[in-house]
Amino acid sequence: MSVDPRRPVVRRIGVHQGRIVGVDEELDGVRARRVIGLDGACVVPGFNDAHNHMVLFGMSRTEIDLASPPMRTVEDVYAAVAERARTQPPGTWIIGSGYDQNKIGGHPHRDGLDAVAPDHPVWLRHTSAHMSVANSRALSAALDGAAVPEGGKVATDPDGRPNGLLEEQAQMLLRRLRYPFPEEQIVQAIGAASAQYLSEGITTCTEAGIGRGWIGHSPVEGAAYQVARERGLLGVRVRLMVASDSARELDREPGLPPANGLDLGFRTGFGDAWLRLGAMKIFADGSLIGRTAAMCCDFEGEAGNSGYLQMDAGVLRERILRAHAGGWQVATHAIGDRAIDVVLDAYAEAQAAQPRPDARHRIEHCAVTRPDQVERLAELGVVPVPQATFVGQIGDGMRAALGPAREPWCYRQRSFLDAGLVVPGSSDRPVVRGNPLLGIHDMVDRRTQSGAPLAPDEAVSPLEALASYTAGSAHAGFDERDMGTITPGRLADLAVLDDDLTSVDPGRIKDLRVLATIVNGDFAYQAPDVAFDDA
């Protein structure tokens, strides 16, 4: 499946120096140095995850897996921490990630963690990454003489004692104890993530936030990606979003408006086909399942809680205006409809003040989008970046947070397409499992882990879902001339599947196998039991 509407199906693909040079009859009479038969397998453009956290995922592979399954209760989490405490020297950090309070009956508590790991600092990240739990040893170090950052909360018991839960920007109190992470640790995490991505048919991804702030791992995190590439550990193409905390006001010629960016003025687009600067990442609000997203109405069953912005609305507006003035594509994390309103207003103001053709600003997640906001996204040419994978894996928690009246607005797909928007495919991994075939399945199926339908009218066809994870993601990253379709002139980045996902029973899409992944015309991955021979 080519995802090129001019020629939807191709049988032969010619590759030269990493690019597709012809297909089917265009290759008649052409002699090839090597001809490889794929034994009737289905070839699609390489998958492109438009929003993931590559380093965070790579690091999580050495941490305690707190996802559900295997975790069923808070006691399961305590047991996993106790087991790790038995194998690590006293005083060393115990890190876990992936727990969901909606699935285990609540957040772990500092006292429970103290009981099982009294001699270790413990840091457990929520699956959304928008909150964390710490035991007393870690919490006392985090809170020692430090003020709670704006846009974050330290949760307390009824008596006012911190219970170990840190929300949003308050996580910076913990992160400062570990930040910056060693370059070698980041490099190894990139390599581990890259190997996993290739096995899933991913050939390009966008790293959704590097550098400073609560999402980054080092002020020089970009250098770790260069090192990984130099060592041959980076097997997929990466677009690097720069966290806005890493930007500063630029020294510019007199008369120009204030602008934020990186020293030397590098901005979106700098780099090459393998490693390139993407958008500037800004956080507007928090998490839907964590109930910290900035909503226009209260969360279901929580009177008085409509979430909050991670910074003052005026500060957020100024960050967006200055990033736009600096020539950046802006990618703002906005989940709640109140946050989306603030971001759309700022994007409109930025373009009115300094018009820029095809700025292609993005809203990451764009999770709870009212009908009027869908229309405005289209009017402004903003790219929504939803994660259909959330529907199947954390959708029950999202339904509970929204209630039936707002559920139809949740993680839209169909409405965006019908409004004329180009929708990329992405996972936000490691928030959920990131296999693109799971994401494509969820775009089509729209059912939660419990089997409940979530906004079923937002379902799309298998071909539309495939187009999102290929051509749609290429568009979101200004890469549509180089990737996203099997078309002469495009990079030879391909995924080889054991069946055609557009024609199998939709329930089978998630179970399809990636037999091989081709990057730049070369086999970057082959399944262990697969060997393609010369034809």
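Further up the page is the structure itself.
Residues numbered from 1 in each chain as written. Predicted model: local features only at pLDDT ≥ 70, side-chain atom pairs only at ≥ 80, totals over all residues. Heavy atoms only, no water.

Asker: What should I look at first to understand the sheet that holds strand 21 (residues 522-526) in this one?
Answerer: What links the strands of a sheet is backbone hydrogen bonding, and the strands pair in either a parallel or an antiparallel sense. One open sheet accounts for four strands, arranged 3-19-20-21; its pairing is antiparallel. Two strands in the sheet have a free side with no partner beyond their single neighbour: strand 3 (42-45) and strand 21. In this sheet, neighbouring strand axes are inclined to one another by 25° on average, regardless of whether the strands run parallel or antiparallel. Across four bridges, strand 20 (residues 514-519) lies against strand 21 in antiparallel orientation. Note on strand 21: the bridge partner recorded for Ile518 is Phe523. (Pairing = 2+ DSSP bridges. Helix = DSSP H or I, 4+ residues; strand = E, 2+ residues; numbered from the N terminus. Axes fitted to C-alpha atoms, helices over the stretch in contact; angles between N-to-C directions.)

Asker: Sorry if this is basic, but what is going on with the nonpolar core here?
Answerer: One broad rule of soluble globular proteins: the nonpolar side chains tend to lie buried together. Counting residues in hydrophobic clusters, the biggest one holds 46 residues, and the most contacted among them are Phe47, Met54, Ile190, Tyr225, Leu234 and Val238. Sort the elements by how many residues they give to this core and helix 7 (residues 183-199) lands first, with seven residues. Excluding its chain neighbours within four sequence positions, the residues that come into contact with Met54 are Ala189, Ile190, Ala193, Ser194, Tyr197, Cys205, Glu207, Tyr225, Leu234, Val236 and Val238. (Core = buried A, V, L, I, M, F, W, Y, C linked by side-chain atoms within 4.5 Å. Buried < 20%, exposed > 50% of the residue type's maximum accessible area, 1.4 Å probe, protein only. Contact = heavy atoms within 4.5 Å.)

Asker: When you look at unusual backbone geometry in this model, what are you seeing that I'm missing?
Answerer: Peptide bonds are mostly trans, and most non-glycine residues show a negative phi. For the bond running from Ser68 to Pro69, omega is -10°, close enough to zero to count as cis. Mapped onto the fold, Pro69 is located in the loop between strand 5 (64-65) and helix 2 (74-87). Look at the link from Pro69 to Pro70: it is a cis peptide, with omega at 10°. Note on placement: Pro70 falls in the loop between strand 5 and helix 2. Of note in the backbone geometry, Asp39 takes a positive phi value of approximately 55° without being a glycine. Position of Asp39 relative to the elements: it lies in the loop between strand 2 (19-23) and strand 3.

Asker: Would you take a moment to explain the sheet that holds strand 18 (residues 383-385) for this structure?
Answerer: Taken in spatial order, the seven strands of this open sheet run 4-11-12-15-16-17-18, and their pairing is parallel. Whereas interior strands pair on both sides, the edge strands pair on one side only; in this sheet they are strand 4 (47-52) and strand 18. Across the sheet, the axes of successive neighbouring strands diverge by a mean angle of 25°, strand direction being ignored. Two elements, strand 17 (residues 362-365) and strand 18, share three bridges in a ladder whose sense is parallel. By the bridge assignment for strand 18, Arg362 is matched with Val383. Along the sheet, helix 15 (residues 462-476) makes contact with strand 4, strand 17 and strand 18, crossing strand 4 at roughly 65°.

Asker: Got a minute to help me understand empty space enclosed by the protein in this structure?
Answerer: Picture a little ball the size of a water molecule; that probe, rolled over the atoms, points out where space is still empty. In total, this model carries four cavities of 30 Å³ or more according to the counting rule given. Lining the largest cavity are 14 residues, and of these Ser128, Ser287, Leu288, Ile335 and Phe390 lie nearest its centre. With three residues, the top contributor of residues to the lining of the largest cavity is helix 12 (residues 389-402). Looking at the lining of the largest cavity, its residues break down into eight nonpolar, five polar and one charged. (1 Å grid on protein atoms, 1.4 Å probe; cavity = no way out; pocket = protein on both sides within 12 Å on 5 of 7 lines; lining within 4 Å. Points joined across faces, edges and corners; volume = space filled by probe spheres on them. Nonpolar A, V, L, I, M, F, W, Y, C, P; charged D, E, K, R; others polar.)

Asker: Could you clarify how one ought to interpret the environment of Thr369 in this entry?
Answerer: With respect to the secondary-structure elements, Thr369 resides in the loop between strand 17 and helix 11 (371-380). A relative accessible area of 0% places Thr369 in the buried class. On a C-alpha basis, the gap between Thr369 and Gly336 in space is 7.6 Å, while along the polypeptide they are 33 residues apart. Here Thr369 is in contact with Ile340, Val374, Leu377, Trp409, Arg412 and Phe416, once residues within four sequence places are set aside. Only 2.8 Å separates the side chain of Thr369 from the backbone oxygen of Cys366, close enough to count as a polar contact. (Polar contact = N/O pair within 3.5 Å; in protein donor to acceptor, adjacent residues only side chain to side chain.)

Asker: Sorry if this is basic, but what is going on with the environment of Thr502 here?
Answerer: Here Thr502 shows up in the loop between strand 19 (494-497) and strand 20. Residue classification places Thr502 among the partly exposed positions, given a relative accessible area of 25%. Residue contacts for Thr502: discarding those within four places in its chain leaves Met1, Pro462, Leu463 and Leu466. In this structure the side chain of Thr502 is engaged in a polar contact, spanning 2.7 Å, whose partner is the side chain of Asp500.

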